[in-house]
Amino acid sequence: MAEIVEGYDDIKIATVCSHSSLQIFHGARKEGFGTLGIAIGSPPRFYDAFPRGKPDEYIILDDYTGILDIADDLIEANAVLIPHGSFVEYLGAKNVLRLGVPMFGNRRVLEWESDRRKQREWLTSAGVRMPSIIDNPKSIDRPVLVKYDGAKGGRGFFIAKDEWDFKIGIDPTQNYMIQEYVMGTRYYLHYFYSPISIEGYRLSKGSLQLLSMDRRDETNIDEIYKLGSMEDLKRLGIFPSFVVTGNVPVVLRESLLPMVFEMGERTVERSIELFGGLIGPFCLETIVTDKLDFVVFEISARIVAGTNPFIGGSPYAELIEPDLSTGIRIAREIRNAKGAGRLAEIIS
Ligand code: ATP
């Protein structure tokens with residue numbers, strides 16, 4: 001892939017029109033790249049309302065797996081693909097791994113990130129704390145979240161407080177994990193790791209930035225308390241859900257920032273040992289307890305939609321460079337790597 005991209009005259013930034021693509025195209029344009037949107041059915045009409053975010057041109061497909069058939073066309077167009085959450089979810093991790101088009105970042109991260117157990121192995125072996133796991137439903141003695149394999153966007157979870165709750169809720173035909181429900185406040189930390197930068201917060205190789213933070217709006221869990229106790233609601237057949245509807249900008253008290261960098265650093269250093277390193281944007285999804293400890297319940301190893309409130313910069317990005325967004329940072333990394341003849345280190 002690196003060889004292909006070295007042969008491009010003029011790199012074009014391409015991604016699927018969804019999730020954070022308006023931000024990605026906006027950042028690419030600001031860094032002087034042409035942009036290519038992959039859309040299903042027809043170009044999203046509402047993109048016309050955002051001229052600084054919409055791509056210069058579109059490729060229209062019938063469905064997402066059609067991307068596998070247009071690899072040659074994408075290469076012909078000098079495309080570098082930017083993966084985002086919807087891109088990977090719609091195409092599937094296995095297809096992303098075999099897609100023959102240069103892609104920003106290290107695809108091997110998918111092997112570690114798309115499986116909840118491997119993700120846990122990576123983060124805990126990095127010394128990052130995660131919610132504890134309860135192996136036997138009989139031992140549920142506090143609130144837990146039961147997560148089915150492949151649950152996405154907070155669907156496919158339920159809360160149980162004891163074995164009885166578990167028994168009523170469980171679908172025994174599916175694989176699941178019982179996880180301690182961590183009490184605290186959620187912070188989604190948006191990092192950017194560059195293996196080629198030598199500025200700022202240095203790691204054993206490259207450097208780490210903190211660009212922004214958000215909290216997700218989740219329906220109906222965020223507001224359900226207004227209707228009374230969970231027990232009362234259960235009797236009416238109303239259960240909590242965690243479906244993401246939007247994102248809210250947040251900042252952390254400054255005294256917690258050293259821990260934020262330490263966790264990010266450990267995650268990156270361990271990824272270098274395990275699979276050659278995750279590259280570019282990633283997000284640690286955390287809960288801060290009342291003891292001021294961080295517990296990480298998930299990692300997303302690419303741009304997350306929680307960066308979208310910061311297309312015009314964030315309180316943290318402002319301290320690095322005015323108006324810096326994750327979208328701009330991705331395009332900048334590609335531009336810097338090209339300038340330094342180091343594209344092979346950031347493309348796979
Ligand atoms: P996605 O992959 O789309 O990010 P997902 O379906 O894998 O989502 P998570 O992000 O793991 O789900 O969790 C969804 C929501 O459930 C979180 O935003 C958080 O509110 C809550 N949650 C998850 N794990 C825990 C936990 N261990 N303790 C408390 N709350 C949790």
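Chemist: Describe the overall build of the protein chain, naming the residues involved and giving the relevant values.
Modeler: For the protein chain, the helix and strand inventory stands at 11 helices and 13 strands. Taking 348 residues into account, the globule formula puts the C-alpha radius of gyration at 20 Å, and the protein chain, at 21 Å, falls close to it. The principal-axis extent of the C-alpha atoms belonging to the protein chain is close to 65 × 45 × 35 Å. A total of 348 residues make up the protein chain; the buried ones form 52% of that total. By sequence separation, contacts in the protein chain at least 24 residues apart represent 64% of the contacts at least 6 residues apart. On the protein chain, roughly 16,200 Å² of surface is accessible, and the fraction owed to carbon and sulfur atoms is 51%. Counting 40 positive and 49 negative side-chain charges, the protein chain places the centres of these two groups 3 Å from one another.

Chemist: Please set out the pairing of strand β8 (residues 185-194) residue by residue, giving values where relevant.
Modeler: The buried fraction of β8 amounts to 9 of the 10 residues, a majority that puts the element mostly inside the structure. The pairing of β8 with strand β10 (residues 207-220) spans 7 bridges and is antiparallel. Bridging across to β10, Y191 finds its partner in L210.

Chemist: Quick rundown of the sheet that holds strand β6 (residues 157-160)? Include the residues and the values.
Modeler: Within a beta sheet, neighbouring strands are joined by backbone hydrogen bonds and run either parallel or antiparallel to one another. Here 3 strands make up an open sheet; going across it, the order is β6-β5-β7 and the pairing antiparallel. Where the open sheet ends on each side, the last strands, each with one partner, are β6 and β7 (176-180). Within this sheet the neighbouring strands show an average axis-to-axis angle of 25 degrees, counted without direction. Two strands pair when backbone bridges link them, and strand β5 (residues 144-148) and β7 are joined in this way by 5 bridges, in the antiparallel orientation. Bridge pairing in β7 places V146 opposite I178. Along the sheet, helix α7 (residues 116-125) contacts β5, β6 and β7; its crossing angle with β7, the most-contacted strand, is approximately 40 degrees.

Chemist: Summarise the nonpolar core; cite the residues concerned and give the values.
Modeler: The biggest cluster of nonpolar side chains holds 33 residues, and the ones touching the most others in it are L189, Y191, L210, L252, L278 and F282. Where this core is concerned, the elements lending two or more residues are α6 (109-113), α7, β8, β10, α10 (257-275), β12 (280-288) and β13 (294-300). Among the elements that make up this core, the one with the highest residue count is α10 (6 residues). Ignoring any residue separated from it by four or fewer positions in sequence, one finds L278 in contact with V109, W122, Y193, V268, S271, I299 and A301. In terms of nonpolar packing, the next biggest core, distinct from the first, is built from 25 residues, I24, V80, F104 and L211 among them.

The rules behind these values
- Residues numbered from 1 in each chain as written.
- Predicted model: local features only at pLDDT ≥ 70, side-chain atom pairs only at ≥ 80, totals over all residues.
- Heavy atoms only, no water.
- Helix = DSSP H or I, 4+ residues; strand = E, 2+ residues; numbered from the N terminus.
- Rg over C-alpha atoms; globule rule 2.2 N^0.38 Å.
- Buried < 20%, exposed > 50% of the residue type's maximum accessible area, 1.4 Å probe, protein only.
- Contact = heavy atoms within 4.5 Å.
- Areas by Shrake-Rupley, 256 points an atom, 1.4 Å probe, with all protein chains shown as cover.
- Lys, Arg positive; Asp, Glu negative; His and termini not counted.
- Charge placed at Lys NZ, Arg CZ, Asp CG, Glu CD.
- Pairing = 2+ DSSP bridges.
- Axes fitted to C-alpha atoms, helices over the stretch in contact; angles between N-to-C directions.
- Core = buried A, V, L, I, M, F, W, Y, C linked by side-chain atoms within 4.5 Å.

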